[in-house]
Amino acid sequence: MDLPSHRPATPQNAHWRPEGCRRVALVLQGGGALGAYQGGVHEALVEAGMELDWIAGVSIGAINGALIAGNPPGRRAEALRLFWERITRDRIHDLLPDGDLTRQWRHELSALMTMAQGQPGFFAPNVPNPWFSLPGARTATAFYNNAPLRETLRELVDFDRLNDGSIRFSVGAVNVATGNFAFFDSARTRITLDHVVASGALPPALPMVRIGTEYFWDGGLVSNTPLQHLLENLEGRNTLAFQVDLFSASGRVPRSMPGVLSREKDIRYSSRTRAVTNFYRRIRSLEIALKQALEQIPDEQLDEAQRREKERLRRLPEVVILQLIYQQQAYEGQAKDYEFSATAMREHWALGLEDTRATLRHGQWLAMPPEGSGIQVHDVHRGE
């Protein structure tokens, strides 16, 4: 079974964006095997002719983002499909009756085989195992090596194009020595293969990546979403952001240990998105209140710093965030982010495509809100 067919944008809707919108951003969370959902999101945006100005990603989101930004428009969807078809495979044949229970068994067994064998085009087991490696040895700090991923990205991503400014591209990583979160942004530095691989170097599975004189791990250790970087760099531009999360903050109360492990992972990796969104909505509300207060005071009664702040607040951009959050399937457990079967990948992709199409049907969500509206957030799964 092939991935859902890609339908390119027609001339009638190519390079479309809402009226008054000066930036369309795609914000991609980390989540391993769940990242195929983001491929479906991108396909729906291409269908709609949505023009992207900025892609910011962490972990698998950084990899998907590089595949998009590092290819010309007509090849982006193809690059994503090639990547996901290469790194997934069905190791277990459907010999058992269909149903949630047997699907759960296949899901867990497939994940165990990934742990034992790695994934083609993505990562391979280190030999010897790090527990049997001497300190400082190449294999001492990770269970797998990312050499296959490096080869895959060298083939599928044009880093000259990625850095040519046609799409701004940012990736998040964590400095191993300081524990500080770092963003590498094509508007400020040249993004290389190492930056992308570092963003997805989740320990202890994958090794830290050296950039310059420092070492970096997966950005998801500190913040699994790059939304904060986007909101701190609005530059006065009205922005429509598609925030694609792979872990849902909302979920059922678990009734078993597998359920506990799965729910804990969802909360751990989704909470940062919720916290960032709530924080910046509160900040924007305070800025609007301050703007209204300063407007009541004549300029001659303000000092220079206050006049500058008054002028800045007059140029506050409007922001709309469309949340697309993957909803866990009944058979999936805590291994959902490292179950790389082709069957699961196609299902994740199809769900991303379906959710984004449903979001885009809410045309009123795409419109820039009136001045002073604050940060607007919409989620098709919550109907808001």
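Residues numbered from 1 in each chain as written. Predicted model: local features only at pLDDT ≥ 70, side-chain atom pairs only at ≥ 80, totals over all residues. Heavy atoms only, no water.

- Identification of the chain as Patatin-like phospholipase family protein from Teichococcus oryzae is taken from an unreviewed UniProt entry.

## Observations concerning the overall build of the chain
Consideration 1: Along the chain, the regular secondary structure elements total 12 helices and 11 strands.
Consideration 2: Taken against the 2.2 N^0.38 rule, which gives 21 Å for 384 residues, the C-alpha radius of gyration of the chain at 22 Å falls within 12% of a compact globule.
Consideration 3: Taking the principal axes of its C-alpha atoms as reference, the chain extends roughly 75 × 45 × 45 Å.
Consideration 4: Looking at the chain residue by residue over its 384 residues, the buried ones come to 51%.
Consideration 5: Put simply, the chain has 43 plus and 45 minus side-chain charges, and the middle of one group is 2 Å from the middle of the other. (Helix = DSSP H or I, 4+ residues; strand = E, 2+ residues; numbered from the N terminus. Rg over C-alpha atoms; globule rule 2.2 N^0.38 Å. Buried < 20%, exposed > 50% of the residue type's maximum accessible area, 1.4 Å probe, protein only. Lys, Arg positive; Asp, Glu negative; His and termini not counted. Charge placed at Lys NZ, Arg CZ, Asp CG, Glu CD.)

## A short note on the environment of Gly 32
Consideration 1: By the secondary structure assignment, Gly 32 is in the loop between β1 (23-28) and α1 (36-47).
Consideration 2: On a C-alpha basis, the gap between Gly 32 and Lys 336 in space is 8.4 Å, while along the polypeptide they are 304 residues apart.
Consideration 3: If we ignore the near neighbours within four places in the chain, the residues touching Gly 32 are Ile 60, Trp 84, Asp 337 and Phe 340. (Contact = heavy atoms within 4.5 Å.)

## Observations concerning the packing of aromatic side chains
Consideration 1: The final tally for this structure, using the stated rule, is 11 aromatic pairs.
Consideration 2: With a centroid separation of 5.0 Å and an interplanar angle of 70 degrees, the aromatic rings of Phe 123 and Tyr 144 are classed as edge-to-face. Placement of the pair is Phe 123 in the loop between α4 (100-117) and β3 (124-125) and Tyr 144 in strand β4 (residues 144-145), with a sequence separation of 21 residues. Note on accessibility: Phe 123 and Tyr 144 belong to one class, buried.
Consideration 3: Aromatic ring contacts, followed pair by pair, group Phe 83, Trp 84, Phe 122, Phe 123, Tyr 144 and Phe 340 into a single cluster. (Phe/Tyr/Trp six-rings, centres within 6.5 Å; stacked < 30°, edge-to-face > 60°.)

## Concerning the pairing of β1
Consideration 1: Burial analysis of β1 places 6 of its 6 residues in the buried class, the great majority of the element.
Consideration 2: Sheet topology places β1 next to strand β9 (residues 239-245); 6 bridges connect them, and they run parallel. The residue bridging Val 27 from the neighbouring strand is Gln 243, located in β9.
Consideration 3: Relative to strand β2 (residues 54-58), β1 runs parallel, the two sharing 4 bridges. When the sheet's bridge partners are listed, Ala 25 is paired in β2 with Trp 54.
Consideration 4: Once you follow β1 into α1 and on to β2, the crossover reads as right-handed. (Pairing = 2+ DSSP bridges. Right-handed = clockwise from strand over helix to strand, strands pointing away.)

## As for a nonpolar patch on the surface
Consideration 1: A grouping of Leu 109, Leu 112 and Met 115 is seen on the molecular surface, where their side chains present a nonpolar patch of about 280 Å² in accessible area.
Consideration 2: Tracing the chain through its elements places Leu 112 in helix α4. (Patch = residues over 30% accessible without salt bridge, like charges linked within 9 Å, V, L, I, M, F, W, Y side chains within 5 Å. Areas by Shrake-Rupley, 256 points an atom, 1.4 Å probe, with all protein chains shown as cover. Salt bridge = Lys/Arg side-chain N within 4 Å of Asp/Glu carboxyl O.)

## Some thoughts on helix α2 (residues 60-69)
Consideration 1: In terms of burial, α2 is a largely internal element, 10 of the 10 residues being buried.
Consideration 2: Looking only at α2, the buried set comprises Ile 60, Gly 61, Ala 62, Ile 63, Asn 64, Gly 65, Ala 66, Leu 67, Ile 68 and Ala 69.

## Some points on the UniProt feature "active site" (unreviewed entry) in the chain
Consideration 1: In the numbering used here, UniProt assigns the feature "active site" (unreviewed entry) to Ser 59 and Asp 218. With the annotated positions falling across 160 residues, the maximum pairwise C-alpha distance of 5.9 Å places them together in a single cluster.
Consideration 2: Inspection of the secondary structure puts Ser 59 in the loop between β2 and α2.
Consideration 3: Among residues more than four places away in sequence, those in contact with Ser 59 are Gly 30, Ser 199, Gly 200 and Asp 218.
Consideration 4: Looking at where Asp 218 falls in the secondary structure, it is placed in strand β8 (residues 214-218).
Consideration 5: Owing to a relative accessible area of 3%, Asp 218 belongs among the buried residues under this scheme.
Consideration 6: With near-sequence residues (within four places) excluded, Asp 218 lies in contact with Val 58, Ser 59, Ala 173, Val 174, Ala 198, Ser 199, Gly 200, Ala 201 and Leu 202. (UniProt positions renumbered as here; feature names shortened; annotations may be inferred.)

## Considering the environment of Asn 145
Consideration 1: Looking at the element boundaries, Asn 145 is found in strand β4.
Consideration 2: Considered as a pair, Asn 145 and Phe 122 are 23 residues apart in the sequence and their alpha carbons are 8.8 Å apart.
Consideration 3: Once you skip the residues sitting within four places of it in the chain, Asn 145 turns out to touch Phe 122, Phe 123, Ala 124, Pro 125, Asn 126, Leu 206 and Pro 207.
Consideration 4: Of note is the side chain of Asn 145, whose polar atom sits 3.2 Å from the backbone nitrogen of Ala 147. (Polar contact = N/O pair within 3.5 Å; in protein donor to acceptor, adjacent residues only side chain to side chain.)

## Some details on the confidence of the model for the chain
Consideration 1: The pLDDT averaged across the chain works out to 90; a share of 94% of its residues lies at or above 70.
Consideration 2: Under a pLDDT of 50 for its full length, residues 1-13 has, in the predicted model, 28 contacts with residues more than four places off or in other chains. (pLDDT = per-residue confidence, 0-100.)

## Some points on the packing of helix α3 (residues 76-87) against helix α5 (residues 147-156)
Any two packed helices are characterised by how steeply their axes cross, that is the angle between the axes, and by the distance between the axes.
Consideration 1: Contact geometry of α3 with α5 gives a least axis separation of 11 Å together with a crossing angle of 160 degrees. By the angle between their axes, α3 is roughly antiparallel relative to α5. The handedness of the crossing between α3 and α5 is right-handed. Of the residues in α5, those touching α3 at Ala 79, Leu 82, Phe 83 and Arg 86 are Leu 149, Thr 152, Glu 155 and Leu 156.
Consideration 2: A class-by-class count of the residues in the contact of α3 with α5 yields 5 nonpolar, 1 polar and 2 charged. (Axes fitted to C-alpha atoms, helices over the stretch in contact; angles between N-to-C directions. Parallel < 35°, antiparallel > 145°, perpendicular 65-115°, else oblique. Left-handed = near helix turned anticlockwise from the far one by under 90°. Nonpolar A, V, L, I, M, F, W, Y, C, P; charged D, E, K, R; others polar.)

## Examining the pattern of salt bridges
Consideration 1: Evaluation of the coordinates by the stated rule reveals 25 salt bridges.
Consideration 2: Between Arg 23 and Glu 235 there is a salt bridge, and its shortest N-O distance comes to 2.6 Å. Placement of Arg 23 in strand β1 and of Glu 235 in the loop between α8 (227-231) and β9 is noted, with a sequence separation of 212 residues between them.
Consideration 3: Given the relative accessible area of 48%, Glu 235 is considered partly exposed.
Consideration 4: Through salt bridges that share partners, Arg 23, Arg 168, Asp 185 and Glu 235 make up one connected network.

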